[in-house]
Amino acid sequence: MIHERIYVTKAAMPPFEEYAEAIRPLWDSHILTNMGRYHSQLEEKLKEYLAVSELSLMVNGHMALEMTIQAFNFPKGSEVITTPFTFISTTHAIVRNGLAPVFCDIKMDDYTIDETKIEELITEKTVAIVPVHVYGNVCNVEEIERIARKYDLKVIYDAAHAFGVKYKGIGIGNFGDASIFSFHATKVFNCIEGGAIATKDETLINKLYDLKNFGIRSQELVVSVGANAKMNEFQAIMGLCNLSHVESNRIIRKVLVKKYRELLTDIEGIKLMDSFENTEQNFAYFPILIDADNYGKNRNDIHQELLSHSIYTRKYFYPLTSDQACFKNKYMSLKLDTARLCADRVLILPLYPELPLEDVARIAELIRNNKVKR
Ligand SMILES: *Cc1c(COP(=O)(O)O)cnc(C)c1O
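Overview of the structure. (Residues numbered from 1 in each chain as written. Predicted model: local features only at pLDDT ≥ 70, side-chain atom pairs only at ≥ 80, totals over all residues. Heavy atoms only, no water.)

## Considering the overall build of the protein chain
Thinking step 1. Counting its regular elements, the protein chain contains 11 helices and 15 strands.
Thinking step 2. Its C-alpha atoms give the protein chain a radius of gyration of 21 Å, within 12% of the compact-globule value 21 Å for 374 residues.
Thinking step 3. Each of the three principal axes of the protein chain carries a C-alpha extent, and together these read 75 × 55 × 40 Å.
Thinking step 4. Going through the 374 residues of the protein chain one by one, you find that 53% of them count as buried. (Helix = DSSP H or I, 4+ residues; strand = E, 2+ residues; numbered from the N terminus. Rg over C-alpha atoms; globule rule 2.2 N^0.38 Å. Buried < 20%, exposed > 50% of the residue type's maximum accessible area, 1.4 Å probe, protein only.)

Right, here's the structure in full:
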């Protein structure tokens, strides 16, 4: 039997007619961008959905992070403690602001920054912590908050994976000084491309407005040196359409995750992600860790084997950002043993609402049968 290719994800799209109908008014107004009507509508709806007080839309998640860091005006050369187990964007956003990333190790149970190792990395130059809610797993926000207060540091969360996640009933965008989200096509919620900053700080939101729109306040007044990172109306409408399906999609994801968990438990050498108390998850990713000593084959072997069945898994996040050609040996870090171990073993399995349960079963079976029997 020939199977179609299965990718690690498939961009969520509303029914064609729904989007086509929704963009029709743009042909009357000819207002395509510059904080139009749909831009405002989406900001309001997202504030509600994410349960945050202030939110600013951006053209993408990377610019949301880069500009949020920029808005704090840290002295050049300052140090920012962050995790190397993330998408390259996190580290780029720090370095592109003229700051030095300081890499902290992660924890084995949830892959987020190891808060017990942050304090030993703090120096006189440290100005901020940029943790990542990787795979939608919530960082230890309480402890990070305590450290930040003690040393007077800013905390900017990369919440690109954590759309819709709640911790103890609180929207994930309420922690730290700011959180950024990505609405890229591959994320649980997309605006084709897009992003946002959530914060309680109204001054920060105003600064970001200036940064994303050339510092223009009115036709004849430019108050600061900004760039262009505005979300356009086509993106905003895609967001509005997708937002109306996000909750039902989350429930489907949950069912798929449950199935994977059922079928993949108790395979020697395969570690599934823990499920966490106090967290309302978004089921964005399904990572497994493969321990070759116990499974008999390593992560790359499974990756290859699944590929031969037209199943495209991804090694997020290998290599660590600190090991990438552009950053290697340039910045400070303590031992990154856990991060490196996870990077060597992790594999993200396909997960998206349209993925048939039969395919989940087939993927799980391949992983089970592929194990070297002893
Ligand atoms: C996707 C992603 C980003 C960047 O978002 P874009 O919208 O693609 O620019 C930043 N950080 C992490 C962890 C991501 O996964």
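## So, the packing of aromatic side chains
Thinking step 1. For the structure shown, the criterion picks out 18 aromatic pairs.
Thinking step 2. Considering the side-chain rings of Phe-72 and Phe-74, the 5.6 Å spacing of their centres and the 10° angle between planes classify their relative orientation as stacked. Pair check on accessibility: Phe-72 and Phe-74 agree, each one buried.
Thinking step 3. The ring of Tyr-318 is capped by Arg-299, whose NZ or CZ atom sits 5.0 Å from the centre of that ring. (Phe/Tyr/Trp six-rings, centres within 6.5 Å; stacked < 30°, edge-to-face > 60°. Lys NZ or Arg CZ within 6 Å of the ring centre and 35° of its normal.)

## Some thoughts on unusual backbone geometry
Thinking step 1. Looking along the chain, the bond that leaves Tyr-316 and enters Phe-317 is cis, with omega of 15°.
Thinking step 2. With an omega of -10°, the peptide bond between Tyr-318 and Pro-319 qualifies as cis.
Thinking step 3. Assignment of secondary structure puts Pro-319 in the loop between α9 (299-307) and α10 (337-345).
Thinking step 4. Phi at His-30 takes a positive value of approximately 60°, unusual for a residue other than glycine.
Thinking step 5. Checked against the element boundaries, His-30 lands in the loop between α1 (16-29) and α2 (37-50).
Thinking step 6. Given a relative accessible area of 62%, His-30 falls into the exposed group.
Thinking step 7. Located in the positive-phi region is Phe-214, a residue other than glycine, with phi close to 60°.
Thinking step 8. Tracing the chain through its elements places Phe-214 in the loop between α6 (202-212) and β10 (216-218).
Thinking step 9. Relative accessible area serves as the criterion here: at 38%, Phe-214 is assigned to the partly exposed category.

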